[in-house]
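# Observations on chain architecture
Here is what each chain is made of, one letter per residue.
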Amino acid sequence: MVNLIQSGGATVGSALTDTPDVDLVSFTGGAATGESIARNAAAHITRVALELGGKNPHIVFPDADFDSAVDAVLTGAFLHSGQVCSAGTRLIVHESIAEDFVAALVRRAERITVGPGLDPASETGPLVSEQHRAKVEAYVALGISEGAKLVTGGARPDDPALASGSYYLPTIFDDCQRWMRIVQEETFGPILTVERFTTEAEAIALGNDTAYGLAAGVRTADTARGERLVRALRHGTVWLNDFGYYTPAAEWGGFGRSGIGRELGPSALSEYQETKHIWHNTAPSVGGWFAADN
């Protein structure tokens with residue numbers, strides 16, 4: 001039996017998670033809410049499965065197919081206006097191709113059609129609310145103040161037909177540094193940050209320089225290098241020469257602040273199961289450890 005309860009997390013959420021009557025809490029959402037759920041559940045030793053946020057790197061080497069890499073980075077960052085936990089909003093690109101790569105991204109991003117979800121011409125839609133758009137705008141202002149270079153977007157669309165919705169243009173920041181909050185924090189919006197690397201070791205270090213560990217992408221024509229990268233990156237899913245594809249047969253979840261446990265795949269089934277050991281002695285007899293009655 002499944003019951004659907006619609007209400008605010010502060011009321012129903014707390015009641016469902018801060019109780020000994022629940023055997024497992026499975027939650028998908030933001031890290032802050034996940035922390036609250038984990039605290040409530042810990043008081044009752046309740047099991048939790050938490051699929052939380054991500055700040056997902058997309059690493060591009062100079063030998064990668066240029067056009068397909070640009071297309072994948074664009075889609076990974078701006079599909080659903082970046083409102084995806086696995087959005088590839090952190091581009092880490094080799095310095096030898098960075099200028100051309102960013103220029104291509106900007107050209108493509110400025111042609112993205114923003115509009116209502118029911119309009120077949122729309123390629124990406126609005127943010128979920130006015131409050132969330134304000135949060136995204138605050139991150140854009142923060143990125144500028146931190147010294148990142150805004151190369152496109154960073155504003156609401158000027159189309160009068162979109163004035164009544166929570167729309168925001170695809171936004172790209174270049175010249176980003178690993179310490180910037182806009183690089184480290186999940187914005188959950190259409191913001192792509194660009195960092196540059198020179199060596200394979202540096203690419204790995206940048207890709208792992210995050211409190212999260214949900215997903216990552218690597219693009220290279222060198223199979224051996226690709227295999228080294230996917231093993232070295234501490235993320236629950238790593239796509240090699242692809243980004244953003246899922247299958248029910250494969251586990252989904254992350255490291256660090258991206259959560260606990262897995263969704264999908266065989267491991268997801270085990271999250272909802274309790275293991276019980278049953279011993280059945282079919283021929284009981286006196287053990288004889290202690291002396292019998294005389």
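For every chain, the first residue of its written sequence is number 1, and the numbers climb from 1 along that sequence. Whole-chain, interface and lining totals are the exception, using all residues; otherwise, since this is a predicted model, local features are given only for residues with pLDDT of at least 70 and side-chain atom pairs are given and counted only at 80 or more. Only hydrogens and water are set aside when side-chain values are computed; all heavy atoms of the structure are taken into account.

## Topic: the pairing of strand S3 (residues 57–60)
Selection rule: Burial here depends on accessible area, computed with a 1.4 Å probe over protein chains only, as a share of the maximum for the residue type. Under 20% is buried, over 50% is exposed, and the range in between is partly exposed. Under the DSSP-based scheme used, a helix requires at least four consecutive residues in state H or I and a strand at least two consecutive residues in state E, with every element numbered from the N terminus. Strand pairing is assigned whenever DSSP identifies at least 2 bridges connecting the two strands. Seen with its strands pointing away from the viewer, a crossover is right-handed when the path leading from the first strand over the helix to the second is clockwise.
Side-chain alternation along S3 places Pro57 and Ile59 on one buried face and His58 and Val60 on a second face that is also buried. Here S3 runs beside strand S4 (residues 90–94); their pairing, made up of four bridges, is parallel. Pairing of Val60 across the sheet is with Val93, part of S4. At this point the chain moves from S3, through helix H3 (residues 66–78), to the parallel S4, and the crossover so formed is right-handed. Of the strand pairs in this sheet, S3 and strand S8 (residues 215–219) are connected by three bridges, and their pairing is parallel. Each bridged residue has a counterpart across the sheet, and for His58 the counterpart in S8 is Gly217.

## Quick word on the environment of Ile92
Note the cut-off: Two residues form a contact once any of their heavy atoms are found within 4.5 Å.
Examined against the element boundaries, Ile92 turns out to sit in strand S4. A relative accessible area of 0% places Ile92 in the buried class. A sequence separation of 111 residues divides Ile92 from Ala203, and the C-alpha atoms of the two residues are 7.1 Å apart. Ignoring anything within four residues of it in the chain, the contact list for Ile92 reads Pro57, His58, Ile59, Val60, Glu195, Phe197, Leu206 and Gly207.

## Looking at unusual backbone geometry
Positive phi is not limited to glycine here, since His80 has a value of about 60°. If you trace the backbone, His80 turns up in the loop between H3 and S4. The residue Asn241 is not glycine, and still its phi comes out positive at about 55°. Positionally, Asn241 belongs in the loop between strand S9 (237–240) and strand S10 (259–260). Note on Asn241: relative accessible area 38%, which makes it partly exposed.

## Some words on the sheet that holds S10
Note the cut-off: Here, axes are lines fitted to C-alpha atoms. For helices the fit covers the stretch in contact, and angles between N-to-C directions go from 0 to 180 degrees.
As summarised here, the arrangement of the three strands in space is S1-S2-S10, forming an open sheet in which the pairing is mixed. Here the strands that pair on one side only, and so sit at the sheet edges, are strand S1 (24–28) and S10. Pairing analysis gives two bridges linking strand S2 (residues 47–51) to S10, with the strands arranged antiparallel. When the bridges of S10 are listed, Glu51 appears paired with Gly259. The sheet contacts of helix H2 (residues 31–42) involve S1 and S2, and relative to S2 the element is tilted by about 175°.

## Side note on the environment of Ile59
Inspection of the secondary structure puts Ile59 in strand S3. Between the alpha carbons of Ile59 and Leu229 there is a distance of 9.4 Å; along the sequence they are 170 residues apart. Setting aside residues no more than four positions away along its own chain, Ile59 makes contact with Ile92, Phe197, Ala203, Gly207, Gly217, Val218, Arg219, Leu229 and Leu233.

## Brief notes about the side chain of Lys55
Going by this rule: Counted charges follow a simple rule, with Lys and Arg positive, Asp and Glu negative, and His plus the chain ends left uncounted. A side-chain nitrogen of Lys or Arg and a carboxyl oxygen of Asp or Glu constitute a salt bridge if their distance falls within 4 Å. Any pair of N or O atoms that falls within 3.5 Å is considered a polar contact. Within protein, one atom must be able to donate a hydrogen and the other to accept it, and sequence-neighbouring residues count only if both atoms are side-chain atoms.
Note on placement: Lys55 falls in the loop between S2 and S3. For the buried residue Lys55, which engages in no salt bridge, the nearest side chain bearing the opposite charge is Glu186, 8.1 Å off. At 3.1 Å, the side chain of Lys55 forms a polar contact with the backbone oxygen of Ile182. Polar contacts involving the side chain of Lys55 include one to the main-chain carbonyl oxygen of Glu185, which spans 3.0 Å. When near neighbours in sequence (up to four residues on either side) are disregarded, Lys55 contacts Thr89, Ile182, Val183, Gln184, Glu185, Glu186, Thr187, Thr210 and Tyr212.

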